[in-house]
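Tertiary structure, described
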There are 2 protein chains.
Amino acid sequence: MNQNPEELQFLSSHRSFDGWQKRYRHFSPSLNCEMNFSIYLPPATDQGEKVPAVYWLSGLTCTDENFTIKAGAQRGAAEYGIALIMPDTSPRGEKVARAIDHAYDLGLGAGFYVNATQEPWSRHYRMYDYIVDELPALMEKHFPLDDRRSISGHSMGGHGALMIALRNPQRYRSVSAFSPIVNPTTSPWGIKAFSHYLGDDVKNWWNYDASLLIESARPREYLPMLIDQGSADEFLAEQLKIERFIAACNTANYPVQINMREGYDHSYFFISTFIGEHLRFHARALKNP
Amino acid sequence: MNQNPEELQFLSSHRSFDGWQKRYRHFSPSLNCEMNFSIYLPPATDQGEKVPAVYWLSGLTCTDENFTIKAGAQRGAAEYGIALIMPDTSPRGEKVARAIDHAYDLGLGAGFYVNATQEPWSRHYRMYDYIVDELPALMEKHFPLDDRRSISGHSMGGHGALMIALRNPQRYRSVSAFSPIVNPTTSPWGIKAFSHYLGDDVKNWWNYDASLLIESARPREYLPMLIDQGSADEFLAEQLKIERFIAACNTANYPVQINMREGYDHSYFFISTFIGEHLRFHARALKNP
């Protein structure tokens, strides 16, 4: 295992919409394991131009490849001159703790973008630090990116994007989400993950719940925020609970555009339909001086 | 097993670009087994409108799902009001002959769109009949489609589209291909498949080779034809041999638009980049009265 955190191991490269879809492996000190990530570099970077980046946080069970392969996002990224950065959803490897019985909603593929405090998870599951600090520094060192960043994601990753942006508004220009688990401290997926990763004291969960965080956001730090939610999403009522976030935004008077999409479900067919609109939304914020 | 060829078994449905991405299973008399297919119905069909269809033939190892998930073609299909029909690439099931040692280029996933004449393949491997006759009749019976058809595909399926269109110009309005194996009677993939499916007498192969068929095409039956080929395609020199088709088209004086795409490879990142242009090309032919 290469443990030099400065080095990237090249895995693959494909021409895509006149830019490049690439994949690398690196050793992550935050997560104490090797990680894969995918990155799309738009054609603007071929002329040496530095471009802004949208970070995409995927949902349960995903790797860096699901969004890369299924969303068709390269099209808009090429058009708007934006890089896309797709990290994995958890630490990986033989030494990394996994859920009993291969549960899909805990452990591998289910990092929930938190820093775990409980054994055995705390040895590797520090996705919050990885996404907020380590990955942007690594990306901006190795690729033609400046420090203009936006963040988006789906489901677990849609919540991750909202939560991370609310806690670090100075680090992002805009935030968007598809089908986010907006209130994980009251959602079965969130309760299961948080109790394992963060322990039983629910006070330690609050800093990872977007519907609670939004109430303490400072108006001068409000970010452009966009959410798309399918009305036929099979997880809407029990897990996602978009109405909680709408209520919290109203209470906090935080401006957010929420699009309810009639008949759309939780799948990548939903994401691919509207990802172009999300990238246009981020492009406006990223290119606004 | 349901052996009523008139019935479709519904598998799944997803809203996509304001239309519907659906998947079904049916019993195919041509192939003597159950087959899955995917179909995209554009929003125009929601108003009861009958639309034309583009048939997509996939390459080696694919099922009906690869193009459905990876190409992002629904976007253009919705915009142009075209249905997309994605069949599987071979017969399937316990009783269907498979290649020794799970070879990826023979048997399951590798039907090459021919009617096999040799045992054991001839019991099921009749993909030519399935694509040319059975599937369009089934689609036009069950879905809001008229008889305006175009055909496209990738690699093995790119050749299948060219070959089928050249043999049935009256059944299609236009044909296109990505990275087609244009001259399978001289390509290692084609020689292996044709010798197993069609026997050792190469005369019986000629009717399944687009570079040979094009020389006998009648000018009054010429179809609009578009081909995209990546210059960095890892199979270009040994298997695909686009230069053979260019030469054959020149000899036959058959008008064809061939785009060599600098730096693009054999992957779906290539297809997704240019599928929108192909659908626009087909739309012009399909909507031209």
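Read on for an overview of the structure. Quick caveat, the model's predicted, so the values are computed rather than measured.

Describing the packing of helix H3 (residues 127-142) of chain B against helix H4 (residues 156-167) of chain B
Residues and elements named next belong to chain B. Close contact between H3 and H4 brings their axes to 11 Å; oriented N to C, the two are set at 60°. When the axis of H3 is compared with that of H4, the two are oblique. As for how H3 packs across H4, the hand of that crossing is right-handed. Contacts between H3 and H4 involve Tyr128, Ile131 and Val132 from the first element and Met163, Ile164 and Arg167 from the second. Its residues assigned to classes, the contact of H3 with H4 shows five nonpolar, no polar and one charged.

Section: the state of the cysteines
Following the criterion strictly, the structure yields zero disulfides over all chains and no others. Free of any disulfide, B:Cys33 has its nearest neighbouring cysteine sulfur in B:Cys62, separated by 17 Å.

Thoughts on the interface of chain A and chain B
On the side of chain B, 22 residues touch chain A, which itself brings 22 residues to the contact. Where chain A meets chain B, there are zero salt bridges. Applying the counting criterion to the chain A and chain B interface returns eight residue pairs in polar contact (both at pLDDT 80 or more). Residue composition of the side of chain A that touches chain B, by class: six nonpolar, ten polar and six charged.

Side note on the pairing of strand S4 (residues 51-57) of chain B
When a strand is regular, its side chains alternate between the sheet's two faces. All names here are of chain B. Of all seven residues in S4, seven are buried; the element is thus mostly enclosed. Looking at chain direction, S4 and strand S6 (residues 145-153) are connected through six bridges and run parallel. Its bridge partner being in S6, Val51 is matched across the sheet by Leu145. Relative to strand S5 (residues 83-87), S4 is paired through three bridges, and the arrangement is parallel. Across the sheet, residue Val54 finds its bridge partner in S5, namely Leu84.

Focus on the relation of the copies chain A and chain B
Once turned by 180° and shifted 0.0 Å along the axis, chain A lies on chain B with an RMSD of 0.0 Å. The two molecules are tied by a two-fold rotation axis, judged by turn and shift.

Things to note about the environment of B:Arg25
Residues and elements named next belong to chain B. Looking at the secondary structure, you find Arg25 in strand S2 (residues 19-28). On a C-alpha basis, the gap between Arg25 and Pro87 in space is 10 Å, while along the polypeptide they are 62 residues apart. Apart from residues lying up to four places away in sequence, Arg25 is in contact with Glu7, Leu8, Gln9, Leu11, Glu34, Met35 and Asn36.

Points about the pairing of strand S1 (residues 9-16) of chain B
All names here are of chain B. As judged from the seven bridges shared by S1 and S2, these two strands associate in the antiparallel manner. Across the sheet, Ser13 pairs through a bridge with Lys22, a residue of S2. In this antiparallel pair of consecutive strands, S1 and S2, the connection spans two residues, and Phe17 shows a positive phi of 50°.

A word on helix H4 (residues 156-167) of chain A
All names here are of chain A. Along its twelve residues, H4 runs 16 Å from first to last C-alpha, staying within 8% of the 16 Å computed at 1.5 Å per residue. Where burial is concerned, most of H4 is hidden: eleven out of the twelve residues are buried. The set of residues buried in H4 consists of Met156, Gly157, Gly158, His159, Gly160, Ala161, Leu162, Met163, Ile164, Ala165 and Leu166.

Examining the pattern of salt bridges
All names here are of chain A. All told, the structure shown has 26 salt bridges over all chains when counted by the stated rule. Among the ionic pairs, Glu221 bridges to Arg218, the shortest N-O distance being 3.3 Å. In this structure, a network of salt bridges that share partners links the residues Arg23, Asp64 and Glu65.

Thresholds, definitions, all that
- Residues numbered from 1 in each chain as written.
- Chains lettered and ligands numbered in written order.
- Predicted model: local features only at pLDDT ≥ 70, side-chain atom pairs only at ≥ 80, totals over all residues.
- Heavy atoms only, no water.
- Axes fitted to C-alpha atoms, helices over the stretch in contact; angles between N-to-C directions.
- Helix = DSSP H or I, 4+ residues; strand = E, 2+ residues; numbered from the N terminus.
- Parallel < 35°, antiparallel > 145°, perpendicular 65-115°, else oblique.
- Left-handed = near helix turned anticlockwise from the far one by under 90°.
- Contact = heavy atoms within 4.5 Å.
- Nonpolar A, V, L, I, M, F, W, Y, C, P; charged D, E, K, R; others polar.
- Disulfide = S-S within 2.5 Å.
- Salt bridge = Lys/Arg side-chain N within 4 Å of Asp/Glu carboxyl O.
- Polar contact = N/O pair within 3.5 Å; in protein donor to acceptor, adjacent residues only side chain to side chain.
- Buried < 20%, exposed > 50% of the residue type's maximum accessible area, 1.4 Å probe, protein only.
- Pairing = 2+ DSSP bridges.
- Least-squares fit on C-alpha atoms with pLDDT ≥ 70 in both.
- Expected span 1.5 Å × (residues − 1).

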